[in-house]
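Residue-level structural notes
Listed below are the residues making up each chain.
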Amino acid sequence: MNENTWDLVVVGTGAAAMAAGIEARSRGRRVLLVEHGPLGGTCLNIGCIPSKNLLAAAAQRHRALTNPFPMVPTTAGGVDLPALMAGKQNLIEALRQAKYQDVAAAHGFPIRHGHARFVDDTTLHVEDEPVRAAAYVIATGAAPHLPDLPGLHDVAHLTSTTAMEQQQLPESMVVIGGGYVGLEQAQLWSHLGVHVTLVGRVAPHTEPEVADVLRAAFLTDGIQIVEEHAVAVERGADDTVLVHTASGHTAAGERLLVATGRTADTTGLGLDDAGVATDARGFIVVDPHQRTTNPRIYAAGDVTGAPQYVYVAARTGHAAAAGALGDPTPVDYRGLPGVVFTTPQLASAGLTEQRALELGHTCDCRVLTAHDLPRALVNQDPRGVLKLVIDVHSRQILGVHAALDGAGELMLAATYAIKFGLTIDDIADTWAPYLTMSEALRLAAGLFRTNTPTSCCA
């Protein structure tokens, strides 16, 4: 083999790509990663890391302003946004070195910088230089999707990417989109002191009891909510942006942030020349082993339309590399957890009640409110719910859904319970540490036995 012939070439350097590289090296194969942008992919550069860093900072300010313990006074002044953005960038650069450059070096795979394009079904060019491999993995991620909304391209607008590069706080902002990105961005800017209006249905894919909690929290925060579809955008007076909805309502803001989903980032990859099919939304079509319609090319992560979590990207990256190297490997999605890092957090694992019914389960549900959760009471923050979905016949747990402070921390136990077939009785009869949020799982499980109030640990 020469330097332009490899066992596996991976396009991208995000979580899916790094996992594919690590998998290939664990099998003793020569692997090359190719990247045309910043090392690290969506999560590091424009997704999980920067957004959660800024959300954490904004939450600190919000907690100071809404302190439930007046006997312990706190204050919150203005926001030094340039310094906040600089701190975010410092974190990104430190993690890029520690979690990507150093990891690639430790596992022994090189990263070549340049634009990759398939010129036929077996050959990849990187900056017009042929790079050949026995197999390929495409892991180029996704980018913000802009809807076909009349007037959108005639006004200045932000995406989640560009919003997190702002150097000045606007006085007001309209956010279009009630999914996880829109929810996080709306609350992030609200907690930093911006007057925010959210246009779109709040958390449309979560349990209604859970969405209700966040809806109430947003209203308490001062976020205006218009749960309608945006139908047009135009420039208003004084350089404001006007968003018109289906009912004729108009939301106005100094800035407009569009958070209406993401689309596959495959620009210039030459998928047609490679014989790689995409679906109606532009995502690469893969089989259960991550193989595309070209048997020599696999794909992993967000570019395939898989659930857009970094841990899903990594798992599919391992599976794609294994399959490309002759060991077809499926991904087990049972009990897949998800977290929206709002305050309170939204988190889930497994099936919703509606999905369980669609799949033929005879299910039963219980909802524990935070008013019955000792940790929430001592925190003076009784907002929230935990909902359990079980199969009536087997009593196995099908789904866990929560809106609570730290709800995401409950989901590891929930995922274990679902994946390994635990019953509601297993959870009710298992130790749970008192005065923790995780105790909510045991308390909610007990509701399947009795609705009669119990003592704290009884």
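A count of helices and strands for the protein gives 14 helices and 21 strands. For the protein, whose C-alpha radius of gyration is 24 Å, the value lies close to the compact-globule estimate of 23 Å for 458 residues. Overall, the C-alpha framework of the protein stretches about 70 × 60 × 40 Å when taken along its three principal axes. The buried share of the protein, reckoned over its 458 residues, is 47%. Relative to all contacts within the protein whose residues are 6 or more apart in sequence, the contacts with residues 24 or more apart total 64%. Here the protein displays about 20,700 Å² of accessible surface, and carbon together with sulfur accounts for 53% of that area. Charge-centre separation for the protein: the mean point of 32 positive side chains lies 6 Å from the mean point of 47 negative side chains.

Counting buried residues along helix 14 (residues 439-446), seven of its eight residues qualify, which places the element largely inside the surrounding structure. Every buried residue belonging to helix 14 is among Glu439, Ala440, Leu441, Arg442, Leu443, Ala444 and Ala445, and all of these are buried. Buried residues belonging to helix 14 abut strand 19 (363-369), helix 11 (374-378), strand 20 (385-391), strand 21 (397-404), helix 12 (411-419) and helix 13 (424-428).

Another point: the pattern of salt bridges. The final tally for this structure, using the stated rule, is 19 salt bridges. Arg395 is the partner of Asp425 in a salt bridge, and the nearest nitrogen-oxygen pair spans 2.8 Å. Highlighted residues: Asp425 in helix 13 and Arg395 in the loop between strand 20 and strand 21, separated in sequence by 30 residues. When its relative accessible area of 24% is taken as the criterion, Asp425 is described as partly exposed. Judged by relative accessible area, Arg395 falls into the partly exposed class, the value being 27%. Shared partners join several salt bridges into a network, and the residues in it are Glu207, Glu209, Glu353 and Lys387.

On inspection of all chains with the given rule, the structure shows two aromatic pairs. Here Tyr309 and Tyr311 contribute two aromatic rings whose centre-to-centre distance is 5.2 Å and whose plane-to-plane angle is 5 degrees, an arrangement assigned as stacked. The exposure class of Tyr311 is partly exposed, given its relative accessible area of 38%.

Checked against the element boundaries, Ala163 lands in helix 5 (residues 160-163). Note on Ala163: relative accessible area 0%, which makes it buried. On a C-alpha basis, the gap between Ala163 and Thr260 in space is 14 Å, while along the polypeptide they are 97 residues apart. With near-sequence residues (within four places) excluded, Ala163 lies in contact with Met85, Leu158, Gln185, Trp189 and Leu257.

To continue, consider the nonpolar core. Within soluble globular proteins, side chains that are nonpolar tend to cluster in buried spots. Counting residues in hydrophobic clusters, the biggest one holds 33 residues, and the most contacted among them are Leu183, Trp189, Leu198, Leu257 and Leu346. Of all the secondary-structure elements, those providing two or more residues to this core are helix 3 (48-65), helix 4 (81-107), strand 8 (172-176), helix 6 (180-191), strand 9 (195-199) and helix 7 (208-221). Considering each element in turn, this core owes the most residues, five residues, to helix 7. Leaving out residues up to four positions away in the same chain, Leu257 has contacts with Leu158, Thr159, Ser160, Ala163, Met173, Val174, Val175, Ile176, Gln185 and Trp189. The next biggest cluster of nonpolar side chains, apart from the first, holds 30 residues, and it includes Ile390, Leu410, Ala417 and Ala440.

Each value, and the rule that gives it
- Residues numbered from 1 in each chain as written.
- Predicted model: local features only at pLDDT ≥ 70, side-chain atom pairs only at ≥ 80, totals over all residues.
- Heavy atoms only, no water.
- Helix = DSSP H or I, 4+ residues; strand = E, 2+ residues; numbered from the N terminus.
- Rg over C-alpha atoms; globule rule 2.2 N^0.38 Å.
- Buried < 20%, exposed > 50% of the residue type's maximum accessible area, 1.4 Å probe, protein only.
- Contact = heavy atoms within 4.5 Å.
- Areas by Shrake-Rupley, 256 points an atom, 1.4 Å probe, with all protein chains shown as cover.
- Lys, Arg positive; Asp, Glu negative; His and termini not counted.
- Charge placed at Lys NZ, Arg CZ, Asp CG, Glu CD.
- Salt bridge = Lys/Arg side-chain N within 4 Å of Asp/Glu carboxyl O.
- Phe/Tyr/Trp six-rings, centres within 6.5 Å; stacked < 30°, edge-to-face > 60°.
- Core = buried A, V, L, I, M, F, W, Y, C linked by side-chain atoms within 4.5 Å.

So far we have only geometry, and geometry alone does not tell us how the molecule works.
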